[in-house]
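Okay, here's what each chain looks like letter by letter:
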Amino acid sequence: MLNIEIKKTSNCKKKPNINGDLEFGRVFTDHMFIMDYTKKEGWKNPRIEKFRNISISPAAMIFHYGQSLFEGMKVYKTENDEVQLFRPLKHIQRANSSARRLCMPEIPEEDFLQAIKTLVDIDKEWIPKRKGAALYIRPFMIATESSVNVRPSTRFKFIIILSPVFSYYKEGLNPVKIWIEDRYVRAVRGGIGEAKTGGNYAASMLSQEIAHEAGFSQVLWLDAIEHKYIEEVGAMNIFFKIDNKIITPMLSGSILAGVTRDSVIKLCKHFGYDVEERKISVDEIYLAAKENKLEEVFGTGTAAVISPVGVLKFENEVYTINSNKIGKLTQQIYDTIIGIQSGSKKDLFNWIEKV
Ligand SMILES: *Cc1c(COP(=O)(O)O)cnc(C)c1O
C-alpha cells in the first residue's frame, strides 16, 4: 500500500468541452501521479500534484539510451456516473513485463492500481460521458540517472498522466486504408517488439510518414526476416475473418500482446467462432481476397478499440475489403466492448474494475 501525498491544485485549468470532438491525446487533466526509484531505496515519494513540467538532468539516461516504457488504458463513466476501468491488471502486468525486458524496476501490482485509482478519483470530473469517449490513462517510466555511461540506470521516475479522448482516428469507426510495409521493419524476434516502449515507435515513424504521404492512414508490419508474415499495425493488433474463421498472428516475441487482442479472442470464441492464433502470410490474405473469402479485417487496440480496415495495399496490389464498409462481426465486437466499458452491456468476463 502506497502512502500517497496529495497536493491538489486550487488553480485548475479551464476545462475544454470534454464531450466535444477532442483531438486524441492533446489535453491533459489538472493532476499527475509521480514517484521516484533508486536502486538503494526502491520506490519512494509517491505523490499526486499539479500537472506541470518536470525538471531532469540533460544527462538523464532516458535521453541517450532510451530506457522507457509506457502503458495506455482507459477509464469510463457509466450512465449512473460510476467510474470503471477496463482490465487494469492486464495492463499493469504487461508494464512489469516490459520493465523486465528493459532492465527497469517493476511496480507491485496493488501499488500501481492504487496510484491509478487515486489519481482518476481526483480528476474524475474530466471523464467524458459521451458514447465512445473516455479518459485515457498514460502511465510511463523513464531512466533519470545522470550519466552517459552505457548500462541500466539506477534511478527512474514513474508518472501517470490523464487525457480525455474521443475517437482515435479522424475517420471514427469508418474503415481505414492500410499500407503493408515491404521495406522497413518494426521489430525482430529476440528484440524489444513485445515491450511497450518508445524505441519501437521511433523505428516505425519513417514508414508511417511514407504511408501517410501516399494517402494511407496506418502501416501493417511484416516479419523482419522473411518479409512474408503479418505482424501488427502501428498501435494495433490485427484480425482477419476468412471463410467464417478468425485468424490473428500468434504472439511470437516481436509483436505486442494487446489487451484488446486478448479481449477480442475471448469474445469471438464466445460468439461461436473458431479463432486461430498462428502465422499468416500476405500471400494467404491475397489468395483469400481473390477467392472472395476475405470477409472482414480489423485492428484492435485501447486507443481506437476496434478499427475496421477497408483497403490493403501490398507492392502494386490494392484490395478493398467488404466494399470498404464496416463488417458485421467488426461492428458486433465494437458494440460489445464499448457496451461493457461504458456499463450498458453485461460484464461477461469480469473485465471491469470500479474506481
Ligand atoms: C499498445 C499497443 C497495441 C495495443 O495493445 P492494447 O493493449 O490492446 O491497447 C498494439 N501494438 C502496439 C505496438 C502497441 O504499442
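Not measured: the values here are computed from a predicted model.

What follows is about the packing of aromatic side chains. A full pass over the atoms with the stated rule returns 14 aromatic pairs. Seen from their ring centres, Phe 112 and Phe 158 are 4.9 Å apart, and the 65° between their planes marks the pair as edge-to-face. Placement of Phe 112 in helix H3 (residues 109-122) and of Phe 158 in strand S8 (residues 155-165) is noted, with a sequence separation of 46 residues between them. Take Phe 112 and Phe 158: they sit in the same class, and that class is buried. When the centroid spacing of 4.3 Å and the interplanar angle of 55° are considered together, the rings of Tyr 286 and Tyr 319 count as tilted.

The next point concerns helix H4 (residues 198-213). In a regular helix each residue adds 1.5 Å, so 16 residues correspond to 22 Å; H4 covers 23 Å between its end C-alpha atoms and thus fits that length. Where H4 bends most, at Ser 204, the angle is about 40°. Taken residue by residue, H4 has Asn 200, Ser 204, Ser 207, Gln 208 and Ala 211 as its buried positions. Immediately downstream of H4, the backbone of Gly 215 shows phi near 90°, a positive value.

Time to look at the nonpolar core. One finds Phe 33, Ile 116, Ile 137, Phe 158 and Ile 160 to be the most contacted residues of the largest nonpolar core, which totals 38 residues. Listed by contribution, the elements that provide at least two residues to this core are strand S2 (31-38), strand S3 (42-50), strand S5 (73-77), strand S6 (83-86), helix H2 (88-101), H3, strand S7 (134-143) and S8. Ranked by residues supplied to this core, first place goes to H3 with 7 residues. Beyond its immediate sequence surroundings of up to four residues, Ile 160 is in contact with Met 32, Phe 33, Ala 115, Ile 116, Leu 119, Ile 137, Arg 138 and Pro 139. Listed in part, the 26 residues of the second largest apolar core include Ile 180, Phe 240, Ile 242 and Leu 312.

A separate point is the site of the ligand. Taken together, 16 residues sit near the ligand, with Lys 196, Tyr 201, Glu 232, Thr 260 and Thr 302 positioned nearest. A distance of 2.5 Å separates an oxygen atom of the ligand from a polar atom in the side chain of Tyr 201. Here a nitrogen atom of the ligand and a side-chain polar atom of Glu 232 are 2.6 Å apart. When isolated, the ligand has an accessible area of 380 Å², and the protein chains bury 97% of it.

What follows deals with the domain arrangement of the chain. Taken as a whole, the chain is organised into domain 1 (5-166) and domain 2 (176-342). Summed over both sides, the interface between domain 1 and domain 2 buries roughly 2000 Å², with carbon and sulfur atoms accounting for 57% of that surface. On the domain 1 side of the contact with domain 2, Phe 70, Phe 86 and Arg 94 bury the most area, a combined 29% of that side's loss. Here domain 1 is connected to domain 2 by 1 salt bridge. Of the charged contacts, one joins Asp 262 and Arg 87 as a salt bridge, the two residues approaching to 2.9 Å between their closest N and O atoms. Our enumeration of links across domain 1 and domain 2 arrives at 13 residue pairs in polar contact (both at pLDDT 80 or more). Sorting the residues of the side of domain 1 that touches domain 2 by element identifies strand S4 (68-70), S5, S6 and H2 as the ones contributing at least two each. Sorting elements by how many residues they give to the side of domain 1 that touches domain 2 places H2 first, with 5 residues.

Thresholds applied
- Along each chain, residue indices are assigned from 1 in the same order as the chain's sequence is written.
- Restriction of local features to residues with pLDDT of at least 70 applies here, the model being predicted, together with a cutoff of 80 or more for giving and counting side-chain atom pairs; totals for whole chains, interfaces and linings are based on all residues.
- To get the side-chain values, all heavy atoms of the structure are used, and hydrogens and water are removed first.
- By convention, a stacked pair of Phe, Tyr or Trp rings (six-membered ring in the case of Trp) has centres within 6.5 Å and planes under 30 degrees apart, an edge-to-face pair has planes over 60 apart, and any other such pair is tilted.
- Only DSSP runs of H or I covering at least 4 residues are called helices, and only runs of E covering at least 2 are called strands; the numbering of each starts at the N terminus.
- Exposure classes here rest on a 1.4 Å probe applied to the protein chains alone. A residue is buried below 20% of its type maximum, exposed above 50%, and partly exposed in between.
- One less than the residue count of a helix, multiplied by 1.5 Å, gives the span that helix is expected to have.
- One axis fitted to the seven residues ending at a residue, another fitted to the seven starting there: the angle between these axes is the bend at that residue.
- Think of a nonpolar core as a cluster: buried Ala, Val, Leu, Ile, Met, Phe, Trp, Tyr and Cys residues, connected wherever their side-chain atoms sit within 4.5 Å.
- Two residues qualify as a contact provided that any one of their heavy atoms is within 4.5 Å of a heavy atom in the partner residue.
- Here a residue is near a molecule or strand as soon as one of its heavy atoms is found within 4 Å of it.
- Whenever two N or O atoms come within 3.5 Å, that pair is a polar contact, provided that in protein one can donate a hydrogen and the other can accept it, and provided that, for residues adjacent in sequence, both atoms are side-chain atoms.
- Each accessible area is a Shrake-Rupley estimate made with a 1.4 Å probe; only the visible protein chains count as cover when residues are assessed.
- Residue ranges assigned to the domains are those given by an automatic or database domain assignment.
- Using a 1.4 Å probe, buried area is obtained as the accessible area two parts lose upon being combined, added over both of them.
- In the sections that follow, a salt bridge refers to a side-chain nitrogen of Lys or Arg positioned within 4 Å of a carboxyl oxygen of Asp or Glu.

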